[in-house]
Amino acid sequence: MQVKLPPLVFACALLLSAGSGVDEARKLYNITDFEESLKLLQEIPEKNAAAYELIGRNYYMLGDYKKATDALEKAAAQELSNAEIALWMGRAYGRRAETSSPFTAPGLAAKARQWFERAVRLNSHDSEALSDLFEYYLDAPGFLGGGLDKAEALVAPMGQIDPGEAHWARSRIAEKRKEYGSAEEHLRRAIDANPQRIGRLLDLAKFLARQGRFQEADQSIQQAERLEPNSPRVIYAKADLYIKNGRNLELAKQLLQQYMSMELSPDDPPRSEAAKLLKQVQGG
């Protein structure tokens, strides 16, 4: 005889099942097994906002930005005040804009801006949301809601959370204005504010390379390597720098092959991006 559960008990059972499935899927996401994470999530019969958010993140990491926004829209519909979902919505729409046609890109970019702004409104102390919105304002043209004045207005709130982040932002603004001396000064002050943060050393290396100062750029990379030996992020940045500047291409290929075999985290560039660079350096 089949036993029917009361509706409330059945609903609770589904929620517990969803929670367990999301937890297991998140473990897979954290070791960058995005496809297996997706499989687990898709098997959940009644998906909550956390499930849809993680589905969206997985698709984002796999480079399917349309499916990412579709899933994240469902997550946002369930949790209207979730700043983290809004942030990922901005990122996914931003990548869609970058990879779409000139006809659809402006509308997608506008959606990215709106979601970044929403993320900051929902959590004004989220440094990642502030940073992403800052970069949007800095890079987007005025007709898409960008502008240096808007970017500058975010520097003070960024500095309240992290003084180093404010120096990084001022550096980006100065470089945009072709004030290269000021840009370098602020980057070095950002490093002084967070001497253990390799990301700032990588930012300095990229800046120096853009100025044609390759020897100094390499020294900055070496400093990052000393701080975090065998860091996937440093290995990728080193290869990317070589390729963009047409230097040490054979070494860049070896670095990318090494990167592809490493254990990564979601904070590292996806393997798909490394594969694109590897194809580029191999002339494919």
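Residues numbered from 1 in each chain as written. Predicted model: local features only at pLDDT ≥ 70, side-chain atom pairs only at ≥ 80, totals over all residues. Heavy atoms only, no water.

A. Main features of the overall build of the protein. Helix and strand content of the protein: 16 helices and 0 strands. Taken along the three principal axes of its C-alpha coordinates, the protein extends 80 × 45 × 40 Å. Classification of the 284 residues of the protein by burial places 47% in the buried group. Considering only contacts within the protein whose residues lie at least 6 apart along the sequence, 53% involve residues at least 24 apart. A total of about 15000 Å² of accessible surface is found on the protein, and carbon and sulfur atoms cover 51% of it. The centroid of the 38 positive side-chain charges in the protein is displaced by 4 Å from the centroid of its 40 negative side-chain charges. (Helix = DSSP H or I, 4+ residues; strand = E, 2+ residues; numbered from the N terminus. Buried < 20%, exposed > 50% of the residue type's maximum accessible area, 1.4 Å probe, protein only. Contact = heavy atoms within 4.5 Å. Areas by Shrake-Rupley, 256 points an atom, 1.4 Å probe, with all protein chains shown as cover. Lys, Arg positive; Asp, Glu negative; His and termini not counted. Charge placed at Lys NZ, Arg CZ, Asp CG, Glu CD.)

B. Looking closely at helix α4 (residues 65-78). Across its 14 residues, α4 extends 20 Å between first and last C-alpha, which sits within 8% of the 20 Å expected from 1.5 Å per residue. For α4, every residue scored as buried is listed here: Y65, A68, T69, A71, L72, A75 and A76. Looking at the buried positions of α4, the neighbouring elements they touch are α3 (49-61), α5 (83-98), α6 (105-122) and α16 (271-281). (Expected span 1.5 Å × (residues − 1).)

C. Here's a closer look at the confidence of the model for the protein. Per-chain confidence: the protein averages 93 in pLDDT, with 93% of residues scoring 70 or above. Every residue in residues 8-16 scores below 50 in pLDDT, and together they form 3 contacts with partners more than four places removed in sequence or on other chains. (pLDDT = per-residue confidence, 0-100.)

D. Representation of unusual backbone geometry within the structure. The backbone of T32 shows a phi angle near 65°, a positive value even though the residue is not glycine. On the secondary structure map, T32 appears in the loop between α1 (7-30) and α2 (34-42). The exposure class of T32 is buried, given its relative accessible area of 13%. The phi torsion at K178 lies on the positive side, around 65°, for a residue other than glycine. By secondary structure assignment, the location of K178 is in the loop between α10 (163-176) and α11 (180-193).

E. Representation of the packing of helix α12 (residues 198-210) against helix α14 (residues 232-244) within the structure. Relative to each other, α12 and α14 sit at 5°, their axes nearing to 11 Å. The orientation of α12 relative to α14 falls into the category roughly parallel. Residues I198, G199, L202, A205, K206 and A209 of α12 form the contact with α14, whose own contacting residues are R233, V234, A237 and L241. (Axes fitted to C-alpha atoms, helices over the stretch in contact; angles between N-to-C directions. Parallel < 35°, antiparallel > 145°, perpendicular 65-115°, else oblique.)

F. Examining the packing of aromatic side chains more closely. Considering all chains together, one arrives at 6 aromatic pairs under this definition. A ring pair is formed by Y60 and Y65, whose centres lie 5.4 Å apart and whose planes are at 65°; its orientation type is edge-to-face. You'll find Y60 and Y65 in the same group, each marked buried. By the ring-pair criterion, three or more aromatic residues cluster together here, those being Y60, Y65 and W88. Sitting over the ring of W88, R91 keeps its end group 4.8 Å from the ring centre. (Phe/Tyr/Trp six-rings, centres within 6.5 Å; stacked < 30°, edge-to-face > 60°. Lys NZ or Arg CZ within 6 Å of the ring centre and 35° of its normal.)

G. Seen up close, the packing of α14 against helix α15 (residues 249-260). In the contact formed by α14 and α15, the axes pass within 9 Å of each other and the chain directions differ by 150°. One finds that α14 runs roughly antiparallel with respect to α15. The interaxial crossing formed by α14 with α15 has left-handed handedness. Each of P232, I235, Y236, K238, A239, Y242 and I243 in α14 lies in contact with α15, whose residues at this interface are L249, L251, A252, L255, L256, Q258 and Y259. (Left-handed = near helix turned anticlockwise from the far one by under 90°.)

H. Region of interest: the nonpolar core. Within the largest apolar cluster, 72 residues are counted, with the highest numbers of intra-cluster contacts made by L41 and F134. Setting aside chain neighbours within four positions, we find L41 in contact with V22, A25, K47, A51, L54, I55 and N58. (Core = buried A, V, L, I, M, F, W, Y, C linked by side-chain atoms within 4.5 Å.)

I. Layout of α15. Its 12 residues place the ends of α15 16 Å apart at the C-alpha level, agreeing with the 16 Å of an ideal helix rising 1.5 Å per residue. On its buried face, α15 is in contact with α14 and α16.

J. Highlighting the side chain of R57. Positionally, R57 belongs in helix α3. Setting aside its immediate chain neighbours within four residues, R57 contacts Y29, E84 and W88.

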